[in-house]
Amino acid sequence: MATKAQARETGERLLGAFLRAGAVEVTPDMLQPAGTLLDLYGEDIRARAYVTSDPLRGEMMLRPDFTVPVVEAQMAEGAEPARYCYMGEVFRRQDHRGAARASEYLQAGYEVFDRTDPVTADAEVFSLFARLLAHLRLKATIGDIGILRAAVDGIDTIAPRKAALARHIWRPRRFHRLMTRYAGLEPVPPHRAALLAGEAANGAPWIGLRGPAEMRARIEVLRQDAEAAPIPAEVVAQFDALFSLACPAHEAPARLRALSMPALNMAIDRLERRLAAMAARSIDTSDLMFEASHGRTSMEYYDGFVFTFSAADPALPPIASGGRYDALTRQLGGGREIPAVGGVIRPGVVADLEAGA
Amino acid sequence: MTIKLGVPSKGRLMEKTFDWFAGRGVTLKRTGSEREYAGAVEGADGIELVLLSAGEIPRELASGRIHLGVTGSDLVRDKLADWQGQVAELAPMGFGHADLIIAVPACWADVETLEDLDAVAHAFRETHGHRLRIATKYHRLVREFLTREGVADWQLVDSQGATEGTVKNLTAEAIADITSSGETLRANHLKILSDGMIHQSQATLFAARAADWTEGRDCLAALTAQLGLPEPELR
C-alpha cells in the first residue's frame, strides 16, 4: 500500500496536470450542509456519508464527493466556459469490510462547464484521464445514459409510464418490474382492479399529510394506465437487448442501430460524434469497451456520457470514473443550467499500482 | 477458561430463553436477590451467564466481550454492519416472533404494494417539496430493503417509540416497525403493505466472531453438542 505521502504526491502531480490543462483549482469545505446532499441523493447518501452536527448550521456531512460543492460554486458565480480542478480527501462510510473499501481517501478531479460543444467536452475529459493513466494499462469502459433516456422517451405509450420508467433508469430492478407490468406480462393486482371498480372504500378516517385530492389524482393516473394499450413484447425484448449490449466502442453505433429503435437515432449520432472526437485526441476506440448499462447502478446524477477506468485486479476499486451531469446543474442552479462533465481519479490507488508496476 | 453467554436480563424473553436451554438439558438461573443481575449455569461446564439488556447484546457480541448471546435477529441485522462478518447464527429459538413491516395510512386506498408506495412517494415529493417520510428505529434494515427493492423519493425519520402515532401527528407519512398481531397498527388507522415484509424476526442464539476462542473451543464444542447444534465455523 502506498503511504499517505505517496498518495498525496501522486495527487499533486495529477492536480498539476489538470492546472496545465487550463483548470482553476477550487478548495471546497470538508464540512458540507447535509440538506443539499440528502435532497439530491436521498437516504443512500446517509448510509454512505458521515453525518455530524454543527450547533449553528445543523446537520453537516463530511464531503462524500466534490461534485456538489463545485457545481454549487459554478452555479452561484461561475463564468462560462469554466474548468475546475481539485484534490483532497473524501469520506465514505463503509458497511462492509475489505481492502478496497477505504473510508477516507484522496480524489483528484477535473470538471468542465461548457455549453458550446458537449461531445468535445466529453472527449476532452476522457482523453485527459486516459493520457494521465496510460502507463497503468487500465481497462476503460464507457456508456451513455442519454441513449437509455432516449429509448424510454421513444416508447409509444402514455406519458406517466414513460416518466416512471425514466425515473427508474438507475434502479434496474424496479425498472424491470414496471416494464413487465406495462407490457401486461404480469397481471394487474386484485387490489388495483377493485380500486378502479370503485370497491376500495374502507371507511378508515383520513390521517396524514397526503391529502384526499392527491389520492384522487393518483387513481386517475391508474385509470389512465389501465386503459392504455400494453407496451408490445417486442419493445420489451428490444430493451433487454439494449441493456445487455456490450462491445468494443467503435462497433457500438452499428450494434445500437441494429436494435431497430428509431428513437435512438439522435443519441447514436451523438455517440458517433463523441467517438470521433475521442479518436481525434488519439484514443483507440477499438481498445475501449462500450456497455449500454454502464452507470445504471452508480449515482443518479450522471445523465449522459459515463466512463470508468479499472485495473485488472477486481478487488481494486475503479481508479477513475466520471460522466456528464447536466441535470444536476439544473437542480442546483435555481433556474439556471449549464452542460457539465467531469471525473475523478483516486491518487492512492494510482500510487499503489505504480509501486507494484 | 470460561465462555460468556449473554441472555436478556428480564421479562418473557429471559423466561423463554431459560426454557429453551432447560429443554436441552442446560439450566440457566438468576442468583442472588431479585434485583441482582447475576446468574448461574448447570448442565454445561465452563459457561458463565451474563444478564444484559436485549438491545445491548448485539454490541457486546460485536466487541467480543461475550462469546455467545441471545437476542432478536432483527436487532443483530439492524445494529451490526456486515453482521455475518461479526456473528455466526447458531440457532433460531422459535420464540420472540415479530415482523418488521412497512405500514401506510389505511385511508390510502390506492396503496397496497411497494410499487404503489414508490409512485406515491414521487408524487408526494413533487407536491410537498420534500421526500415521503418513513418513521422507524430500524434504519439499516429499512434503508437496505427499500434500496434493494428500488423504491425512491423517501427519507427516514428517527422514531424510538410510539412510531404508530407519527402519521397522525404529521411527522411521517408511513412507518416501518415491528408488529406481532397488528392490533396497534389497526388502532392507529394504518395498514401493512402486502409486499412490505422487511424481516421476520425471532430470538436467536449467536456466537461472536471477535471473541477470544483460543481456550473456549472445548466448552463451545461440548455446549453445542449438548444443545444438539452443529459446531459453528467462527473464522
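Please read all numbers here as calculations on a predicted model, not as lab measurements.

### Focus: the overall build of chain B
Right, on to step 1. Of the regular secondary structure elements, chain B holds eight helices and twelve strands.
Right, on to step 2. On the principal axes, the C-alpha backbone points of chain B span a range of 65 × 35 × 25 Å.
Right, on to step 3. Sequence separation of at least 24 residues holds for 68% of the intrachain contacts in chain B that already meet a minimum separation of 6.

### Structural notes on the domain arrangement of chain B
Residue and element names in this part refer to chain B.
Right, on to step 1. Along its sequence, chain B is carved into domain 1 (3-96 + 202-227) and domain 2 (98-201).
Right, on to step 2. For domain 1 versus domain 2, the separation of C-alpha centres amounts to 32 Å.
Right, on to step 3. The greatest single-element share of the side of domain 1 that touches domain 2, amounting to four residues, is contributed by helix 3 (residues 73-79).
Right, on to step 4. Of the residues contributing to the side of domain 1 that touches domain 2, the split by class is no nonpolar, four polar and three charged.

### Overview of the domain arrangement of chain A
Residues and elements named next belong to chain A.
Right, on to step 1. One can read the domain layout of chain A as domain 1 (4-27 + 63-150 + 238-356) and domain 2 (159-200 + 212-233).
Right, on to step 2. If you average the C-alpha positions of domain 1 and of domain 2, the two centres end up 34 Å apart.
Right, on to step 3. The partner domain 2 presents five residues to the seven residues of domain 1 that form the contact.
Right, on to step 4. Broken down by element, the residue count for the side of domain 1 that touches domain 2 peaks at three residues, all from helix 6 (residues 145-153).
Right, on to step 5. Split into classes, the residues belonging to the side of domain 1 that touches domain 2 amount to three nonpolar, one polar and three charged.

### Comments concerning the UniProt feature "binding site: L-histidine" (unreviewed entry) in chain A
Residue and element names in this part refer to chain A.
Right, on to step 1. Taken from the UniProt record, the annotation "binding site: L-histidine" (unreviewed entry) applies to Asp-65, Phe-66, Thr-67, Arg-92, Gln-107, Glu-111, Arg-296, Tyr-301 and Tyr-302.
Right, on to step 2. Looking at the element boundaries, Arg-92 is found in the loop between strand 5 (82-91) and strand 6 (104-113).
Right, on to step 3. Residue class for Arg-92 comes out partly exposed when judged on the 17 C-beta atoms lying within 10 Å of it.
Right, on to step 4. When residues no more than four places from it in sequence are discounted, the contact partners of Arg-92 are Arg-48, Ala-49, Pro-64 and Ser-103.
Right, on to step 5. In this fold, Tyr-302 is placed in the loop between strand 9 (289-291) and strand 10 (305-310).
Right, on to step 6. When the 27 C-beta atoms within 10 Å are taken as the criterion, Tyr-302 is described as buried.
Right, on to step 7. Sequence-distant contacts of Tyr-302, that is, excluding residues within four places in its chain, are made with Ile-145, Gly-295, Gly-323, Arg-324 and Tyr-325.

### Let's talk about the environment of Phe-66 of chain A
Residues and elements named next belong to chain A.
Right, on to step 1. Along the chain, Phe-66 falls in the loop between strand 4 (58-62) and helix 4 (67-77).
Right, on to step 2. Residue Phe-66 is classed as buried on the basis of its 24 C-beta neighbours within 10 Å.
Right, on to step 3. Spatially, the C-alpha atom of Phe-66 lies 8.0 Å from that of Tyr-86, the residues being 20 residues apart in sequence.
Right, on to step 4. Among residues more than four places away in sequence, those in contact with Phe-66 are Pro-28, Tyr-86, Gln-107 and Gly-109.

### Focus: the sheet that holds strand 12 (residues 203-208) of chain B
Residue and element names in this part refer to chain B.
Right, on to step 1. As summarised here, the arrangement of the five strands in space is 4-1-5-12-6, forming an open sheet in which the pairing is mixed. Every interior strand has two partners, whereas the edge strands, strand 4 (47-52) and strand 6 (87-92), have only one. Strand-to-strand twist across the sheet, computed as the mean angle between neighbouring axes with direction ignored, equals 30°.
Right, on to step 2. Sheet analysis places strand 5 (residues 68-72) next to strand 12, joined by five bridges and oriented antiparallel. Bridging across to strand 12, Gly-69 finds its partner in Phe-206.

### What about the interface of chain A and chain B?
Right, on to step 1. Taken together, the contact between chain A and chain B spans 33 residues of the former and 33 residues of the latter.
Right, on to step 2. Mapped onto the side of chain A that touches chain B, the elements with two or more residues apiece are helix 3 (43-48), helix 7 (159-167), helix 8 (172-182), helix 9 (190-196) and helix 10 (212-227) of chain A.
Right, on to step 3. For the side of chain A that touches chain B, the element with the most residues is helix 10 of chain A, which contributes five residues.
Right, on to step 4. Tallied by class, the residues present in the side of chain A that touches chain B amount to 15 nonpolar, six polar and twelve charged.

### Quick look at the nonpolar core
Right, on to step 1. Membership of the largest hydrophobic core comes to 126 residues, with the highest contact counts inside it found for Phe-129 and Ile-345 of chain A together with Ile-134, Ala-174, Ile-175 and Ala-176 of chain B.
Right, on to step 2. In terms of residue count, helix 5 (residues 118-133) of chain A provides more of this core than any other element does, nine residues in total.
Right, on to step 3. Apart from residues no more than four positions distant in its own chain, Ala-174 of chain B is found in contact with Ile-102, Ala-103, Val-104, Leu-132, Ile-134 and Val-167 of chain B.
Right, on to step 4. Leu-28, Leu-49, Leu-90 and Ala-203 of chain B belong to the second-largest nonpolar core, a separate cluster that totals 32 residues.

### Thoughts on the sheet that holds strand 7 (residues 98-105) of chain B
Residues and elements named next belong to chain B.
Right, on to step 1. Sheet architecture is open: five strands sit in the order 9-8-10-7-11, paired in mixed fashion. The open sheet terminates on both sides in strands that have one partner only, identified here as strand 9 (154-158) and strand 11 (190-201). In this sheet, neighbouring strand axes are inclined to one another by 25° on average, regardless of whether the strands run parallel or antiparallel.
Right, on to step 2. Of the pairings in the sheet, the one linking strand 8 (residues 132-136) to strand 10 (residues 174-179) comprises two bridges and is parallel in character. Its bridge partner being in strand 10, Ile-134 is matched across the sheet by Ala-174.

### So, the pairing of strand 7 (residues 139-144) of chain A
All names here are of chain A.
Right, on to step 1. The buried fraction of strand 7 is high, at five of six residues.
Right, on to step 2. Relative to strand 9, strand 7 runs parallel, the two sharing two bridges. Its bridge partner lying in strand 9, Ile-142 is registered against Phe-290.

### Observations regarding the packing of helix 6 of chain A against helix 13 (residues 265-280) of chain A
Residues and elements named next belong to chain A.
Right, on to step 1. At a minimum axis distance of 8 Å, the contact between helix 6 and helix 13 shows a crossing angle of 170°. Judged on the interaxial angle alone, helix 13 and helix 6 are roughly antiparallel. Note on packing geometry: the crossing formed by helix 6 with helix 13 is left-handed. Residues Gly-146, Ile-147 and Ala-150 of helix 6 form the contact with helix 13, whose participating residues are Met-266, Ala-267, Arg-270 and Leu-271.
Right, on to step 2. Its residues assigned to classes, the contact of helix 6 with helix 13 shows five nonpolar, one polar and one charged.

### What about helix 8 of chain A?
Right, on to step 1. Taken as a whole, helix 8 of chain A has its buried residues at Arg-174, Phe-175, Leu-178, Met-179 and Tyr-182 of chain A. An end-on view of helix 8 of chain A places all buried positions within 135° of arc, on one side of the element.
Right, on to step 2. In this structure, the buried side of helix 8 of chain A is in contact with helix 7 and helix 11 (233-243) of chain A together with helix 5 (114-128) of chain B.
Right, on to step 3. Gly-184 of chain A, located one to two residues past helix 8 of chain A, shows a positive phi value of around 75°.

Quick notes on the rules
Residues numbered from 1 in each chain as written. Chains lettered and ligands numbered in written order. Predicted model: local features only at pLDDT ≥ 70, side-chain atom pairs only at ≥ 80, totals over all residues. Helix = DSSP H or I, 4+ residues; strand = E, 2+ residues; numbered from the N terminus. Contact = placed C-beta atoms within 7 Å. Domains from an automatic or database assignment. Nonpolar A, V, L, I, M, F, W, Y, C, P; charged D, E, K, R; others polar. UniProt positions renumbered as here; feature names shortened; annotations may be inferred. Buried ≥ 20, exposed ≤ 12 C-beta atoms within 10 Å, placed from the backbone. Pairing = 2+ DSSP bridges. Axes fitted to C-alpha atoms, helices over the stretch in contact; angles between N-to-C directions. Core = buried A, V, L, I, M, F, W, Y, C linked by C-beta atoms within 7 Å. Parallel < 35°, antiparallel > 145°, perpendicular 65-115°, else oblique. Left-handed = near helix turned anticlockwise from the far one by under 90°. Arc of directions from axis to C-beta.

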